[in-house]
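Listed here are the chains, written in short residue letters.
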Amino acid sequence: MIKILNYLLPPRKWVPFVIMATGIGMGLFAYLLYVSNAVSYLSDDPKTCVNCHVMTPFYATWQHSSHARVTTCNDCHVPHNNALNKYFFKAKDGIYHATVFTWRAEPQVIHIKEAGTDVVQKNCQRCHGDLNSNVSTLGVTLETKQHGEGKLCWDCHREVPHGKVNSLSSVPNAQVPLLESPVPAWLQKQTDSIAAAKKENTNQTK
Amino acid sequence: MKSKPWLGWVMFGVTMLAVFMLGLLVNSVMERRTEALFVNKTLAPVGEFESKNEVWGANYPREFQTYYETADTTFASKYGGGKMRDMLHDDPRMVVLWAGYAFSKDYNQGRGHFYALEDIYNTLRTGAPKGPQDGPQPSSCWVCKSPDVPRMMDKLGIDEFYKQTWAALGPEIVNPIGCADCHDSKTMNLKITRPALIEAYKEQGKDITKATHNEMRSLVCAQCHAEYYFDKKSVEGAARVKFPWKNGMTVENMEKYYDDIEFSDFTHALSKAPILKAQHPDYEIHQMGIHGQRGVSCADCHMPYKSEGGQKFTDHKIQSPLNNVANSCQVCHREEEKKLVANVNERQDKIHQIRIELEDQLVKAHLEAKLAWDKGATDAQMKDVLKLIRQAQWRWDFTAASHGGSFHAPLETARVITNGLNKAAEARIGLSKILASLGQTGPIQYPDISTKEKAQKFIGLDMTKEKANKAEFKKTVLPKWLEEAKKK
């Protein structure tokens, strides 16, 4: 064990450089966490989902629907059977989304995948148990629907809560909370005053 | 390591590559964040304090077009809607209740925002000023009528704005309520543009900049659809629009505020009671109803989503939800439209019924007080009675002036009216004792006020003269204002 460690450790005269290189790497990683608003992904705040602006239509349509009064994105879109499953699903989905978004591979109109469909259907039933008993959909899952037994909730309730079509062009002027500038306020203020002072100087010289 | 120096170079290379890739990733995140800022970019930049709605409309055609649909006056609900209604004609009791105040001359149901200016030109309440320093009203009357107001407040300064007369600003305030009243010109976010609401928040120890987006969807409306008065004390020569919210928003809290500063809007011409004229406490009453308590905002019902060619946007035709049940009520309530409208009407009918009862009592109280004065009652004798009349009328007006109140918060509205009925009854018992002591024992003769004209004649208004003056104003002064505005 010690042998392997010894093997990996750099020669003594290299140590300062290695420490610096690691520091740069870790600093950059910390910066990545900061600009990507990474910590927010642990929360249930719907604002997290508009970190990626392609989610704007979904945020806006949810916000204008009756669901906005009682639910957040996560109430419908992650499993709620146990905390472990919730975060596992979130992480899995999140990494998939991040990959697509980074490679600019997102489609114009986003459609829900099979795994998500399953989760949402279960969550419809989780909250609307009483309503479901009337139309006997309690046995309906993605699987039964795929076998041609019954429909999913939103096959009929198509406007709940997002509506039929969702793309960036479907809600052209939606007002959603935009991410604020990653430059902290105190620094912004400093740089603003420097810029203002510079401007004043040039004005005076004119 | 010493035997294999190349291994060091490999490690160096790997680290460099990792940091480089990490840098690329950070850069990509930054780029995509910036992209979000450009998703909703204006095509034709809108300047700060731009008051011409058409300039904004170039960027947001759908919102703009639906806003101009507030010009539609075809819809009338049972008690409201966009149709012009002569409220004094519908209910001549109001003429007597407002005797001695301009509201007894002319009071119409507000039409759409599009008519904000046209209606304020037309109303007899603004009088017929002949020159810039003439006329009965201060510039405060413009405050809720136009996006030119924030522009002029910025130009003149807030206090200086409030020091003007209504007529002095006539050539400046020419665009009806519009975009700049509620939106920030750069970000299009909702924005509070009227100082009164910001000051009212401060007075309550709250910070309006901390309001959530959903709260803002009501607060932009609350800038105007709220109870206010003209504060002439805090700045010399200015009539500042101020909200009496310091103690809270219930009818009692606001009354306490007014009592503390010994404020009254007018002294009643018949009873001589110091009367409070409620404006339109729509926001306050909405907050006390179930929709307000559950966080439903004004915009949710009055400006719901609209779909057009697969695009969704906020319908800026601000109107009665009863004319748009499918998009407003039925988003939450899955009942039939007919049933929902019937539910609303039922609440309004019942509140209307008890409100009229209170009006009847109040009219009688005013007339009996006049009789007592005529028979030689003293100030000391009348003091308590006048206070009760003031309280009863404040409660009546609070519920009558908020058109939506009977729906927004039926329970609170009913409570306030009941309270008012009790005050009016107490006042009339007091009056009967005074009248008895002055020798009035038989039944009292009440005048015929069954129509607006009869009632106005009874309180001594010369309506032919009022109307002639207005016609003159519209023929001579108004065209000059509009002409001057066009040149700018």
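Cut-offs and rules
Residues numbered from 1 in each chain as written. Chains lettered and ligands numbered in written order. Predicted model: local features only at pLDDT ≥ 70, side-chain atom pairs only at ≥ 80, totals over all residues. Heavy atoms only, no water. Helix = DSSP H or I, 4+ residues; strand = E, 2+ residues; numbered from the N terminus. Buried < 20%, exposed > 50% of the residue type's maximum accessible area, 1.4 Å probe, protein only. Contact = heavy atoms within 4.5 Å. Areas by Shrake-Rupley, 256 points an atom, 1.4 Å probe, with all protein chains shown as cover. Lys, Arg positive; Asp, Glu negative; His and termini not counted. Charge placed at Lys NZ, Arg CZ, Asp CG, Glu CD. Buried area = accessible area lost by both parts, 1.4 Å probe. Salt bridge = Lys/Arg side-chain N within 4 Å of Asp/Glu carboxyl O. Polar contact = N/O pair within 3.5 Å; in protein donor to acceptor, adjacent residues only side chain to side chain. Patch = residues over 30% accessible without salt bridge, like charges linked within 9 Å, V, L, I, M, F, W, Y side chains within 5 Å. Axes fitted to C-alpha atoms, helices over the stretch in contact; angles between N-to-C directions. Parallel < 35°, antiparallel > 145°, perpendicular 65-115°, else oblique. Left-handed = near helix turned anticlockwise from the far one by under 90°. Nonpolar A, V, L, I, M, F, W, Y, C, P; charged D, E, K, R; others polar. Phe/Tyr/Trp six-rings, centres within 6.5 Å; stacked < 30°, edge-to-face > 60°. Lys NZ or Arg CZ within 6 Å of the ring centre and 35° of its normal. Disulfide = S-S within 2.5 Å. Core = buried A, V, L, I, M, F, W, Y, C linked by side-chain atoms within 4.5 Å. Pairing = 2+ DSSP bridges.

(A) Molecular detail of the overall build of chain B. Helices and strands together make up the secondary structure of chain B, namely 21 helices and 6 strands. In terms of principal-axis extent, the alpha carbons of chain B reach across some 125 × 50 × 45 Å. Buried residues in chain B amount to 49% of all 488 residues. The long-range share in chain B, meaning contacts at least 24 apart out of those at least 6 apart in sequence, stands at 70%. Accessible surface computed for chain B: about 23,600 Å², of which carbon and sulfur atoms make up 56%. Each charge sign in chain B was given a centre, from 67 positive and 62 negative side chains, and these centres are 2 Å apart.

(B) Structural view of the interface of chain B and chain A. Taken together, the 44 residues of chain B in the interface contact 45 residues of chain A. Where chain B abuts chain A, roughly 3,700 Å² becomes buried across the two surfaces, and 58% of that area is made up of carbon and sulfur atoms. Area buried by chain B at its contact with chain A is led by R32, R33 and K312 of chain B, which between them contribute 20% of it. Put simply, chain B and chain A have 4 salt bridges between them. The closest approach of N and O atoms between E106 of chain A and R32 of chain B, which form a salt bridge, is 2.9 Å. Linking chain B to chain A there are 13 residue pairs in polar contact (both at pLDDT 80 or more). Listed by contribution, the elements that provide at least two residues to the side of chain B that touches chain A are α1 (5-39), α3 (61-68), α11 (213-222) and β6 (311-314) of chain B. With 20 residues, α1 of chain B is the single largest residue contributor to the side of chain B that touches chain A.

(C) Structural view of the pattern of salt bridges. All names here are of chain B. For the coordinates displayed, the defined rule picks out 38 salt bridges over all chains. A salt bridge links K163 to E160, with the nearest nitrogen and oxygen atoms 3.8 Å apart. K163 gets classed as partly exposed once you look at its relative accessible area, which sits at 36%. A residue is classified by how much of its surface remains accessible, and E160, at 37% relative accessible area, is partly exposed.

(D) Highlighting a nonpolar patch on the surface. A cluster of nonpolar residues, L17, F20, M21 and L24 of chain B, forms a patch on the protein surface that exposes about 440 Å² of accessible area. Note that L24 of chain B resides in helix α1.

(E) Spotlight on the packing of helix α12 (residues 251-260) of chain B against helix α17 (residues 379-401) of chain B. Residue and element names in this part refer to chain B. At a minimum axis separation of 11 Å, α12 and α17 run at an interaxial angle of 130°. Between α12 and α17, the angle is such that the two are oblique. You can see that α12 and α17 cross each other, and the crossing is right-handed. For the pair α12 and α17, the contacting residues are V251, E252, M254, E255, Y258 and D259 in the first and R390, Q391, W394, R395 and F398 in the second. Tallied by class, the residues present in the contact of α12 with α17 amount to 5 nonpolar, 1 polar and 5 charged.

(F) View of the packing of aromatic side chains. Residues and elements named next belong to chain B. Under the counting rule described, the total for this entry stands at 30 aromatic pairs over all chains. Arranged with centres 5.7 Å apart and planes meeting at 90°, the rings of Y258 and W394 form a pair that is edge-to-face. A residue pair is termed long-range when its members are at least 10 positions apart, and Y258 in helix α12 and W394 in helix α17 qualify at 136 residues. Considered together, Y258 and W394 belong to a single accessibility category, that of buried residues. Here the aromatic cluster, defined as three or more aromatic residues joined through ring pairs, consists of W98, Y101, F103, Y107, F266 and W396. When the ring centre of Y201 is taken as origin, the NZ or CZ atom of K206, which lies over that ring, is 4.6 Å away.

(G) Just unusual backbone geometry, in detail. Here the amide bond leading from V160 of chain A into P161 of chain A is cis, since omega sits at -25°, within 30 degrees of zero. Note on placement: P161 of chain A falls in the loop between α9 (153-156) and α10 (185-205). Even without glycine at this site, M188 of chain B takes up a positive phi of about 65°. With respect to the helices and strands, M188 of chain B occurs in the loop between α9 (179-182) and α10 (195-203).

(H) Focus on the side chain of R355 of chain B. Structurally, R355 of chain B can be placed in helix α16 (residues 337-374). Residue class for R355 of chain B comes out buried when judged on its relative accessible area of 13%.

(I) Local environment of the state of the cysteines. Residues and elements named next belong to chain B. In this structure the tally under the stated criterion is 1 disulfide over all chains. With a sulfur-sulfur separation of 2.4 Å, C144 is cross-linked through a disulfide to C224. Handedness here is read from the sign of the S-S torsion; for C144 and C224, about -100°, the answer is left-handed. Taken as a pair, C144 in the loop between α6 (116-122) and α7 (148-156) and C224 in the loop between α11 and β1 (229-231) lie far apart in primary sequence, 80 residues in all. A relative accessible area of 17% means that C224 is categorised as buried.

(J) Here's a closer look at the nonpolar core. Of all hydrophobic cores here, the largest spans 55 residues; its most connected members are W142, F161, L197, L219, F243, W245 and W481 of chain B. Formed by 41 residues, the second largest nonpolar core is a distinct cluster that contains M87, L270, A427 and L431 of chain B.

(K) The pairing of strand β5 (residues 305-308) of chain B, seen in detail. All names here are of chain B. Across 4 bridges, the pairing between β5 and β6 is antiparallel. In the sheet register, K306 faces β6, and the bridge partner there is F313. Linking β5 back to β6 in an antiparallel pair, the connection comprises 2 residues, with G309 at a positive phi of about 55°.

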